[in-house]
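# A closer look at the structure
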Amino acid sequence: MTMAATFAKRLIGSRSSQILCTVNSTSSTASTSVARAFCSSTTPITATLFPGDGIGPEIAESVKKVFTTAGVPIDWEEHYVGTEIDPRTQSFLTWESLESVRRNKVGLKGPMATPIGKGHRSLNLTLRKELNLYANVRPCYSLPGYKTRYDDVNLITIRENTEGEYSGLEHQVVRGVVESLKIITRQASLRVAEYAFHYAKTHGRERVSAIHKANIMQKTDGLFLKCCREVAEKYPEITYEEVVIDNCCMMLVKNPALFDVLVMPNLYGDIISDLCAGLVGGLGLTPSCNIGEDGVALAEAVHGSAPDIAGKNLANPTALLLSGVMMLRHLKLNEQAEQIHSAIINTIAEGKYRTADLGGTSTTTEFTKAICDHL
Amino acid sequence: MSRRSLTLLKNLARNSNASSSCLLQTRSVTYMPRPGDGSPRAVTLIPGDGIGPLVTDAVEQVMEAMHAPIYFEKYDVHGEMSRVPAEVMESIRKNKVCLKGGLKTPVGGGVSSLNVQLRKELDLFASLVNCFNLPGLPTRHENVDIVVIRENTEGEYAGLEHEVVPGVVESLKVITKFCSERIAKYAFEYAYLNNRKKVTAVHKANIMKLADGLFLESCREVAKKYPGITYNEIIVDNCCMQLVAKPEQFDVMVTPNLYGNLVANTAAGIAGGTGVMPGGNVGADHAVFEQGASAGNVGKDKIVRENKANPVALLLSSAMMLRHLQFPSFADRLETAVKRVISDGKCRTKDLGGQSTTQEVVDAVIANLE
């Protein structure tokens, strides 16, 4: 049974393996046995790693160290942002880097600073378009031991990543009048709604809320809502609700425990996911994962490259580490994911080793070592 | 003379007993009205839907108790109507000032929002929400005193949508230099007239380079004319994050239409909730006062049935209205009474953590009026 699952996984790809695993087993022991069978067949999983710029290389080192200590069977294929524009991709990312992600189907990305200038696409835009990354998933939960004004946050924001207000279609009608197009399609909305409900089901979440402004933007957000409703009918065990975005903002800052899984179009998703990151402690602690077609998952740290502390061993690797954990869960390596996750939580909760942005004095290497010790 | 000193002594006595000495009634220094300014002014009143009638009734009661020199011309407007009735528009144009409750817009129903229609027809291009911590009301954030000035007529709310082919819908966001300039001018003028030190423009110009870029350009031009006021810009997602982390850094914020909606509701939420924040819409000729931030201005059926709507927001907005009509002393009395009720903590509606009904809050406010 487990051998068959291994073959099936390699043939069909990790997306269907998710379905396979959820159909086969609901207990974690069965899935870990599948995973163990996968890795005990001594073929480690290859994953692409983009260390990025600024503090990127340091925190990528941290991730590699923690993963090796935890015995995670991953072989990293490192790719760097080039110094010249690759004509095949129209950006500083080379075709080889993109092919690598397409091949491995899983990757981890550090912060990248887009060089200023013309004649090339932004790096994030390149990745998004070329890999067709349609959903951005960001879990936000209060870290025990790191006190912010909010203690009971436990929600996931799922944001449509390809269209909406960020289509980039603007033009000047006449001097002093500019139009910007917001595009909503049935296909993209269905896709992200499907992923949201599937995620809610596989992670044991009970409620999905669709965030919209359909009282004003009736056709566009109305279409988004219609698609969400269609998908909701297929998952009767999950409660579905619709919340207008201004209500949502207010409820989030007053009582974030009211929300569970949030699904929304591009612009609202951008703002709400950053708002939620602010509730739990900022972008330095927030993991995120971009999901693409064909089961591609690119986990990334959403903070900036912080050039002012680059190379000084002061950076906080938590965001990249937690993104790595998300990646492991996507690969169904739940046991190791749990191990590393607990180690990170315990290290931060203990309070002895914290980097400067959390109010402590440790260096990156000390923090990493503390996590390894907790494993 | 002796009557005034008696009132002052009574104030001092009461306030030394209560611990609300910071709410001692201060009088505006020698406000000299013109003869005839005290004749009653007409104000259009639109109760609206949901909790609207409850809270506007609260305002009517308090105005009567104060003997304020205004009288209301009440009109019934509901959110399902396709247009605001002509007689209502005429009344507002005649009176120039209106007080309204929320109008419920059916979601995705093909009926365009009457709130937006009203603002466009009267060209109320600036929407203002003042979000501040009320003394005595515990919140997670301290030192919040933010005014959000939001462009009210164009942007994403232009209402221009169409279906390109089945399954693909487009919506146009329109930004014009004319509207961006006038909202920027209003924001800086407001800051100047109210002794505010900083104006922050909220945008997403890294993605929407032309549209929000035009908005920013207009703001920068106006900023040059006010060298005494600090001007800075912040991207909207970072702005929301900073609002929940460090709200004390913001003073006056000027934003296009949609971001203004989000920022105003977030700021209202952190300072105590939309049930207490005053605000209104103003244009060159008219002003419409309503609950500041838009979330919950129609409220849920349960709140309506149990009569537990929070009238504080509309009461404070009506105080703004009294100042707009140049009755500062009545405005001060009303504000002081409301703030005293909140700080006492005995009469609070559900959204502030209490159990009182609307009527109980109104009675408390009237009792606290001098």
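What you are looking at is a predicted structure, and each value in this text was computed from that prediction instead of being measured.

### Let's talk about the overall build of chain A
Per the secondary structure count, chain A includes 13 helices and 12 strands. When contacts within chain A are restricted to residue pairs at least 6 apart in sequence, long-range pairs at least 24 apart make up 74% of them.

### Let's talk about the state of the cysteines
Put plainly, two cysteines are in a disulfide when a covalent bond ties their sulfur atoms together. Residues and elements named next belong to chain A. Under the defined criterion, the tally for this structure stands at zero disulfides over all chains. C249 carries a free sulfur, and the closest cysteine sulfur to it, the one in C248, is 5.6 Å from it. You can see C289 has no disulfide; the closest cysteine sulfur is in C140, sitting 14 Å from it.

### Some details on the interface of chain B and chain A
Residue-level contacts link 56 residues of chain B with 48 residues of chain A. Note on chain B versus chain A: buried area summed over both sides is about 4300 Å², and carbon and sulfur give 65% of it. Interface area lost by chain B to chain A is led by R140, E161 and M241 of chain B, which between them contribute 15%. For the pair chain B and chain A, the number of links is one salt bridge.

### Some thoughts on the domain arrangement of chain A
The parts lose accessible area when they come together, and the size of an interface is often stated as this lost area. Residue and element names in this part refer to chain A. We note that the domain assignment places domain 1 (44–137 + 285–374) and domain 2 (149–280) within chain A. Each partner contributes residues to the interface: domain 1 has 12 residues there, and domain 2 has 13 residues. Counting the surface lost from both domain 1 and domain 2, the interface buries some 1200 Å², and carbon and sulfur atoms represent 53% of this. In this assembly, domain 1 and domain 2 are joined by one salt bridge. Between R191 and E293 there is a salt bridge, and its shortest N-O distance comes to 2.5 Å. If you look at where domain 1 meets domain 2, you find five residue pairs in polar contact (both at pLDDT 80 or more). Listed by contribution, the elements that provide at least two residues to the side of domain 1 that touches domain 2 are strand 4 (133–141) and strand 11 (287–292). Per-element accounting of the side of domain 1 that touches domain 2 gives the leading share, five residues, to strand 4. Here the residues of the side of domain 1 that touches domain 2 are counted per class, giving six nonpolar, four polar and two charged.

### Considering the packing of helix 2 (residues 52–66) of chain B against helix 12 (residues 358–368) of chain B
Residue and element names in this part refer to chain B. Their axes nearest at 10 Å, the elements helix 2 and helix 12 cross at an angle of 20°. Between helix 2 and helix 12, the angle falls in the class roughly parallel. Along this stretch, helix 2 crosses helix 12, giving a crossing that reads as right-handed. For the pair helix 2 and helix 12, contact is made by L54, A58, Q61, V62 and A65 and by T358, Q359, V362, V365 and I366, respectively. Taken together, the residues that form the contact of helix 2 with helix 12 break down as seven nonpolar, three polar and no charged.

### Some thoughts on the pairing of strand 2 (residues 70–74) of chain B
All names here are of chain B. Across five bridges, the pairing between strand 1 (residues 41–46) and strand 2 is parallel. Across the sheet, V43 pairs through a bridge with F72, a residue of strand 2. The parallel pair strand 1 and strand 2, bridged by helix 2, forms a crossover whose chirality is right-handed.

### A short note on the domain arrangement of chain B
Residues and elements named next belong to chain B. Here the domain parsing of chain B yields domain 1 (38–126 + 277–369) and domain 2 (140–271). Distance between the C-alpha centres of domain 1 and domain 2: 24 Å. With 13 residues of domain 1 in contact, the opposing surface of domain 2 contributes 14 residues. Where domain 1 abuts domain 2, roughly 1200 Å² becomes buried across the two surfaces, and 56% of that area is made up of carbon and sulfur atoms. Three residues, K120, F125 and M277, lead the burial of domain 1 against domain 2; their summed loss comes to 45% of the area buried on that side. Linking domain 1 with domain 2 are one salt bridge. With a closest N to O distance of 2.9 Å, R182 and D123 form a salt bridge. Applying the counting criterion to the domain 1 and domain 2 interface returns eight residue pairs in polar contact (both at pLDDT 80 or more). Here the side of domain 1 that touches domain 2 takes three residues from helix 4 (residues 114–121), the largest share from any one element.

### Description of the sheet that holds strand 8 (residues 198–203) of chain B
Strand pairing in a sheet is mediated by backbone hydrogen bonds. Such pairs are either parallel or antiparallel. Residue and element names in this part refer to chain B. Spatial ordering of the open sheet is given by 2-1-3-12-11-4-5-10-8-9, a layout of 10 strands whose pairing is mixed. Edge positions in the sheet fall to strand 2 and strand 9 (230–235), since each has one partner strand and no second. Neighbour to neighbour, the strand axes of the sheet diverge by 25° on average, direction disregarded. Here strand 1 runs beside strand 3 (residues 97–100); their pairing, made up of three bridges, is parallel. For L45, the partnering residue across the bridge sits in strand 3 and is L99. Against the sheet, helix 3 (residues 86–95) makes contact with strand 1, strand 2 and strand 3, and its axis sits at roughly 145° relative to strand 1, the strand it touches most.

### Digging into a positive patch on the surface
All names here are of chain B. A contiguous patch of positive charge, built from K300, K302, R305 and K350, is present on the exposed surface. Inspection of the secondary structure puts K302 in helix 9 (residues 301–306). Classification of K302 as partly exposed rests on a relative accessible area of 44%.

### Let's talk about the confidence of the model for chain A
A residue-level look at chain A finds 87% of positions with pLDDT of 70 or above and a mean pLDDT of 84. Within the model, the stretch residues 11–42 of chain A combines pLDDT values under 50 with 35 contacts to residues more than four positions away or in other chains.

### Looking at the packing of helix 9 (residues 245–254) of chain A against helix 10 (residues 266–280) of chain A
Helices that pack against each other are described as a pair by the angle of their axes relative to one another and the distance between those axes. All names here are of chain A. The geometry of helix 9 relative to helix 10 is characterised by a closest axis approach of 11 Å and an angle of 5° between their N-to-C directions. As far as their axial angle goes, helix 10 and helix 9 are roughly parallel. Contacts from I245, C248, C249, L252 and V253 of helix 9 reach helix 10 at Y268, I272, L275, C276 and L279. Split by residue class, the contact of helix 9 with helix 10 holds 10 nonpolar, no polar and no charged.

### Description of the nonpolar core
Residue and element names in this part refer to chain B. I70 and L334 are the most contacted members of the largest nonpolar core, which has 120 residues in total. Top element by residues in this core is helix 8 (residues 257–271). It accounts for nine residues. Sequence-distant contacts of I70, that is, excluding residues within four places in its chain, are made with R41, V43, M63, M321, L322, L325 and F327.

The rules behind the values
- Residues numbered from 1 in each chain as written.
- Chains lettered and ligands numbered in written order.
- Predicted model: local features only at pLDDT ≥ 70, side-chain atom pairs only at ≥ 80, totals over all residues.
- Heavy atoms only, no water.
- Helix = DSSP H or I, 4+ residues; strand = E, 2+ residues; numbered from the N terminus.
- Contact = heavy atoms within 4.5 Å.
- Disulfide = S-S within 2.5 Å.
- Buried area = accessible area lost by both parts, 1.4 Å probe.
- Salt bridge = Lys/Arg side-chain N within 4 Å of Asp/Glu carboxyl O.
- Domains from an automatic or database assignment.
- Polar contact = N/O pair within 3.5 Å; in protein donor to acceptor, adjacent residues only side chain to side chain.
- Nonpolar A, V, L, I, M, F, W, Y, C, P; charged D, E, K, R; others polar.
- Axes fitted to C-alpha atoms, helices over the stretch in contact; angles between N-to-C directions.
- Parallel < 35°, antiparallel > 145°, perpendicular 65-115°, else oblique.
- Left-handed = near helix turned anticlockwise from the far one by under 90°.
- Pairing = 2+ DSSP bridges.
- Right-handed = clockwise from strand over helix to strand, strands pointing away.
- Patch = residues over 30% accessible without salt bridge, like charges linked within 9 Å, V, L, I, M, F, W, Y side chains within 5 Å.
- Areas by Shrake-Rupley, 256 points an atom, 1.4 Å probe, with all protein chains shown as cover.
- Lys, Arg positive; Asp, Glu negative; His and termini not counted.
- Charge placed at Lys NZ, Arg CZ, Asp CG, Glu CD.
- Buried < 20%, exposed > 50% of the residue type's maximum accessible area, 1.4 Å probe, protein only.
- pLDDT = per-residue confidence, 0-100.
- Core = buried A, V, L, I, M, F, W, Y, C linked by side-chain atoms within 4.5 Å.

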